[in-house]
Amino acid sequence: MKKMIYMIVVAAVTMLLAGCSDFLDVQPEGSPTTTTYFANDAQAINAIKALYAPIYDSDGGYGREIYWEQCATNMMVPGRTRSYPGLFTLNYSGDEGPLSDTYNLFMGIIARANWVVKALLDKQAKTTLTPIEIRSLGEAYFVRGFLHFSLAYRYGSNRQGIPAIKYEEVEGEYDYSIPPPQATVMDNYAMIIADFEKAKEYLPRFETYGPDDRGRAHQAAAVAMMSRVYAYWATWDNTKWDTVISVVNELENSYGRRLADSFSNLFSADFKYWWGPEYCFTFPSNGGNDWKRGGVEWPGVILENKGWGVFNGWGQFKPTQDAYEEFAKDGEENNERLTRSILKYGQEFQFWGETRRFFSESDVETGFQINKWMDPFGYPDAINAGYVNYSGDWPTARVNFTVIRFADCMLLRAEANLAKGNNSEAAKDLNKIRARVNLPENCVGTWEELYHERFCELAYEPVADHLGDLKRWAVSSYPEIKALAIKELETHPRARHYSGYVTDPNTGESRFMDGYRGDPDGPYTIGAYLDFQSPAPKWEDHKICFPYPSNEITKAAGALKQNYGYN
């Protein structure tokens, strides 16, 4: 393989390391300086900070860019026109900015995590690590496994795995060339599980963390992520469903995870609700003014563009009529998941301490806004009160942004039981989730029920990855869920198109205006979402994978082949 120094180790992250620029100095030949680092606990802490921050503390990665691909589902669509409509209709090139930028970012952080693991293991071979260094080693294993998985299920299949290597398993010093691709994604999953097992070995339990360390990886986070990895692995090897069940049982019985009493409080800006029994792993976002710059910008990205003249929301993602109808299968009244997840016209909500009724005049019309993460914007003087970033150009807000929670793991256990034919066991988990939001416990254990519960429970928690669910179901051997997934993937999303009454400011007279969107009580028609009008996509199994960015194929000089179906 052509040796190309993988300078993404530095380029993707170094500019984000204010206060810890000595973490990875670069010599002229591109070899990182490692002889003087990890001399004390402060250096270990800074090294791990440099792994966490770029995952979500920017437009890239889990800050925003990775979520655009979710607009290929009928859960949400772009609220503002983008330059890569093929990303939303499964017509991928691999060079779409959200795909290529995320790929390069994550590969860079994985390389850095690789270096941390190896450096700490080398030190451990010579001396005893401090408790902080032991924790840091566990965190490096966790980050490496987490981002490896984030790329593996999106780019790998049973035909070809993704590039991956563990520096500590290379004899001598790794030359920082592009890693070799694994034979299949199952080989990647085995590597990822091994990393999470190591993370579990070195990390403490969450309950031992003080307030300043909450949000770091911990043992239960590693176990929860293993349940997700095994569920994706079961796409290709259905014996892994047994392991999904045992891992979720461990999370419940050994780590005390259970459903929180309140669904809505999971998305609260109040710190007292952040670390309850359902918590497994999150990107904690405090609103601004520290090294994380406030965390994930998703809350402001989904807020109405210009925020009705109060705050600079971006309005970039919006729910669809299809999503509303899926929720409404449980009724439109007294449906906590519906009202907490989606704002519709005329619905009351709190904004900057005032009660408002929703309408939307911005950009591409759907008739809805995502409501799940709106809590911090409801407080009076939300910026000065510390709930919302002072900068509308970085619209972060105080939320404990979900990566994985126990309800998600329960749904994976229900899916595993369905796959094994244990319908009654699946129904138990489904009904517990429904009971929490006061819905009838009427599930009997079907694939359609699983589809509905995953959709409504996890909607607009985009790290849960509804598109990933649809893709793995679409290639599965279970006819009912396969048909549901392909139907959604091949259906063009729908929207509500409003008209209403507008008041003349001079005469005070009210007149009806077709297409006027500023009336919360206006009538609507249901029609196509109008931003991209290409024919609805046709599902083909190779689309379970994204194509690699073309520059990755070029750099690999023949060692990495483009994914099947994209040549």
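Quick caveat: nothing in here was measured; it's all calculated off a predicted structure. (Residues numbered from 1 in each chain as written. Predicted model: local features only at pLDDT ≥ 70, side-chain atom pairs only at ≥ 80, totals over all residues. Heavy atoms only, no water.)

1. Points about the packing of helix 4 (residues 131-155) against helix 5 (residues 185-202)
As a reminder, the rule being used: All axes are obtained by fitting lines to C-alpha atoms, using only the stretch in contact for helices, and the reported angles, taken between N-to-C directions, cover 0 to 180 degrees. Numbering of helices and strands starts at the N terminus; helices are DSSP runs of H or I of at least 4 residues and strands are runs of E of at least 2. Every angle not falling under 35 degrees, over 145, or within 65 to 115 is termed oblique; those three ranges are roughly parallel, roughly antiparallel and roughly perpendicular. Each crossing is labelled by how the near helix is turned from the far one, with a counterclockwise turn of less than a right angle marking it left-handed and a clockwise turn marking it right-handed. By the convention adopted, Pro, Cys, Tyr, Trp, Phe, Met, Ile, Leu, Val and Ala count as nonpolar, Lys, Arg, Asp and Glu as charged, and the other residues, Gly among them, as polar.
For the pair helix 4 and helix 5, the least separation of the axes is 8 Å and the interaxial angle reads 155 degrees. As far as their axial angle goes, helix 5 and helix 4 are roughly antiparallel. Like other packed secondary-structure pairs, helix 4 and helix 5 cross with a definite hand, here left-handed. Its residues assigned to classes, the contact of helix 4 with helix 5 shows 15 nonpolar, 4 polar and 4 charged.

2. Some thoughts on the pattern of salt bridges
Operational definition: We count a salt bridge whenever a side-chain nitrogen from Lys or Arg sits within 4 Å of a carboxyl oxygen from Asp or Glu. Residue burial is assigned from relative accessible area. The probe radius is 1.4 Å, only protein chains are included, and a residue is buried under 20% of its type maximum, exposed over 50%, and partly exposed in between.
Going through the model one piece at a time under the given rule, you end up with 49 salt bridges. We note a salt bridge from R216 to E139, for which the minimum N-O separation is 3.0 Å. Note that R216 is positioned in the loop between helix 5 and helix 6 (219-233) and E139 in helix 4, a separation of 77 residues in sequence. Note on R216: relative accessible area 15%, which makes it buried. A salt bridge links R337 to D330; its shortest N-O distance comes to 3.5 Å. Among the residues examined, R337 registers a relative accessible area of 1% and is labelled buried. Its relative accessible area of 18% is what places D330 among the buried residues. Three or more residues are tied together by salt bridges with common partners; here these are E278, D330, R337, K372, R405, R434, R436, E453, E457 and E461.

3. Some thoughts on the pairing of strand 11 (residues 510-513)
Stated precisely, the cut-off is as follows: A pair of strands counts as paired when DSSP detects no fewer than two bridges linking them.
Relative to strand 11, strand 10 (residues 500-503) is paired through 4 bridges, and the arrangement is antiparallel. The partner of V502 across the bridge, within strand 11, is R511. The antiparallel hairpin formed by strand 10 and strand 11 contains 6 residues in its connecting segment, where G508 sits at a positive phi of about 75 degrees.

4. Thoughts on the environment of A53
Tracing the sequence through the fold places A53 in helix 2 (residues 41-56). We classify A53 as buried; its relative accessible area is 7%. Remark: the alpha-carbon pair of A53 and G295, spanning 242 residues in sequence, is separated by 8.3 Å.

5. Description of the nonpolar core
Note the cut-off: Here the nonpolar core consists of buried residues drawn from Ala, Val, Leu, Ile, Met, Phe, Trp, Tyr and Cys, with membership extended through side-chain atoms lying within 4.5 Å.
One finds Y62, F142 and F283 to be the most contacted residues of the largest nonpolar core, which totals 160 residues. Counting residues per element, this core draws most heavily on helix 3 (residues 97-124), at 14 residues. Membership of the second largest hydrophobic core comes to 17 residues, among which are W308, L343, F349 and Y498.

6. Considerations on unusual backbone geometry
In this model, F38 sits at a positive phi of 60 degrees, which is unusual for a non-glycine residue. Here F38 lies in the loop between helix 1 (8-11) and helix 2. Residue F38 is classed as buried on the basis of its relative accessible area, which comes to 4%. With phi around 50 degrees, A557 is a residue other than glycine that occupies positive phi space. Within the secondary structure, A557 is located in the segment after helix 16 (550-556). The class of A557 is partly exposed, set by a relative accessible area of 46%.

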